[in-house]
Amino acid sequence: MAPIGGWRRRRHRASATFDIGDWTKRERGEKRSTTASGLLIDKTAVKRKRSTRLQLKTIPEELVFEILIRLPVKSLVRFKTVSKAWQAIISDPFFIRAQLGCSKQRQRQDPSSFLITPQVLLEPDCTAEDYGVKAMSTDIHFYRWNLREFDCSSSTTTLTCRRRFPDGEFGAVSHLAHCDGLVLLPTSTKAYVFNPATGDAVALPASQRNMLRNVMPLPAGLGLDASTGRYKVARFFFRSRKIKRGGIVQMGIEVFTINGGGEGDNGSSWRETLVDPPYPVVSAQTGTQCQGHLLFFIDKRNQEHPPNGLLCFSLQDETFGVTLFPSNMEPTVDDEDICVKELDGELCCTYLSKSSQQLLIWMTRDALDPQWACRYVINLPYKCHPMASLGSMASLGSGGILLRRGNFIFRYDFEVNGIIEDEMFDMSKDLFYLGTGKDTLGHVWKNVSWFDTICYSESLIPITQAYRPRV
């Protein structure tokens, strides 16, 4: 992170004289006495305001900066409306990156913040197996869940953002992708990008290059190009209207840069990459982002010698590679048995060993040239996948890992080598989904195909306005 002094030279000192006391009084809605002419005469408030102003003049800007980056995004959005100087600070790309870094650090130390989105079927008789050809609700809800110590208060989620799109705008949807507070929702028509913390949302244009009519969402992913500081959405498309003899398909890939890009990059449209993927990928999947790469499962049908790994797409130079699975992985494990995700900044590969009936979690620090190590061996006889590792500072208990199986979220304790039955949540039954305002009863979700659950770090990253990141 750049030194604070450098940031201070670019901004005005007026930011440190903002009257927090008076603003807080207005936020609380406190009444002040007036004369017949309507003038304020609350002498106590006037004295307090003068005292607060004098104190704030002596607060160093570095301290103001450090306080602001630790505040919730919802508060920062409100602060932007009460002072031009503070709006300049909070909108500055340097401040946005610093706030994001602070948010991610908190989540790494204490992974207790999650984002839950119920994906609701419009047809009640539809099952989870055929959701891909059934219409899903276009009313998208993002709930914030602060999971701490598995107590009663953890059973409450709060609506952070809601976006309702016109009925029929899309049919099927894929799983959500998350990167630095931004969320991608691929659908059978368009792809949508949200910032649930700020309420921003943008619908990316439908693909004009896809030649194969498909009711399923196209494979897509979201990630950060660290060389430019910009976020990109990559989406595959089919180059032919017909599948070639033998069932082999030819695919291309197109990229959309959020809020524009570099020289020659039209940020308002999809841009085709210079090279095509060397292998087709499985349809209706959401790519896993890790270390500036997007990883996809390869469609190995009707291919003579497909690699035993993932197709890896670099967001920086937009080239392809193959990330091989662990070499000593059991040969009976199929791609359908493997869960791939990013965990603690590393690439994570999880599967259930059919021979030992144990859950094996492999991890690597290099997504492009992996050196896999079996990090966890968990005594569970069923398939599940990790959501967060729990370190010594985690409020959920150290020495464990947070796992998910279907709608259930639970903590596996390494000290007892098992799970504690009381520390298990069923997202369909045990959670209260509260709306905004005075909603104290919550919403009971029905006809849910699945709950998208993301280990979430909120941010101020804009997606609907000009943004010039400093790399």
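Residues numbered from 1 in each chain as written. Predicted model: local features only at pLDDT ≥ 70, side-chain atom pairs only at ≥ 80, totals over all residues. Heavy atoms only, no water.

Draft legend 1. Structural view of the sheet that holds strand β16 (residues 339-343). Reading across the sheet, the 4 strands line up as β16-β17-β18-β19 and stay open at both edges, with antiparallel pairing between neighbours. In the strand order of this sheet, the two ends are held by β16 and β19 (373-378), each with one partner. The average angle at which neighbouring strand axes cross in this sheet is 25°, direction not considered. Relative to strand β18 (residues 359-364), strand β17 (residues 346-352) runs antiparallel, the two sharing 6 bridges. Residue pairing for β18: L347 is matched across the bridge by T364. (Pairing = 2+ DSSP bridges. Helix = DSSP H or I, 4+ residues; strand = E, 2+ residues; numbered from the N terminus. Axes fitted to C-alpha atoms, helices over the stretch in contact; angles between N-to-C directions.)

Draft legend 2. Quick look at helix α4 (residues 61-68). When α4 is considered as a whole, its buried residues turn out to be E61, V64, F65 and L68. The arc enclosing the buried residues of α4, seen along the axis, measures out at 100°, which places them on a common side. (Buried < 20%, exposed > 50% of the residue type's maximum accessible area, 1.4 Å probe, protein only. Arc of directions from axis to C-beta.)

Draft legend 3. Broad picture of the packing of aromatic side chains. If you walk through the whole model with that rule in mind, you get 19 aromatic pairs. On the basis of an interplanar angle of 75° and a centroid distance of 5.0 Å, the ring pair of Y143 and Y433 is categorised as edge-to-face. Taken together, the residues Y143 in strand β2 (residues 139-146) and Y433 in strand β24 (residues 432-434) connect sequence positions 290 residues apart. An aromatic cluster is present here, built from F142, F165, F170, Y192 and F194 joined pairwise through their rings. Against the face of W270 rests R235, its NZ or CZ located 3.9 Å from the ring centre. Over the aromatic face of Y382 sits the side chain of R405, whose NZ or CZ is 4.0 Å from the ring centroid. (Phe/Tyr/Trp six-rings, centres within 6.5 Å; stacked < 30°, edge-to-face > 60°. Lys NZ or Arg CZ within 6 Å of the ring centre and 35° of its normal.)

Draft legend 4. Layout of the pattern of salt bridges. Under the counting rule described, the total for this entry stands at 18 salt bridges. For D180, the salt bridge goes to K104, with nearest N and O atoms at 3.0 Å. Of the two residues, D180 is situated in the loop between β4 (177-179) and β5 (182-186) and K104 in helix α7 (residues 93-109); the sequence distance between them amounts to 76 residues. Take D180: its relative accessible area is 8%, and that puts it in the buried class. The closest approach of N and O atoms between R162 and D139, which form a salt bridge, is 2.5 Å. Here the residue R162 occupies a position in strand β3 (residues 156-164), and D139 occupies one in strand β2, the gap between them amounting to 23 residues. Exposure remark for R162: the relative accessible area of 46% places this residue in the partly exposed category. D139 sits in the buried class, given a relative accessible area of 14%. One salt-bridge network, in which partners are shared between bridges, spans R209, R235, R239, E254, E272 and D276. (Salt bridge = Lys/Arg side-chain N within 4 Å of Asp/Glu carboxyl O.)

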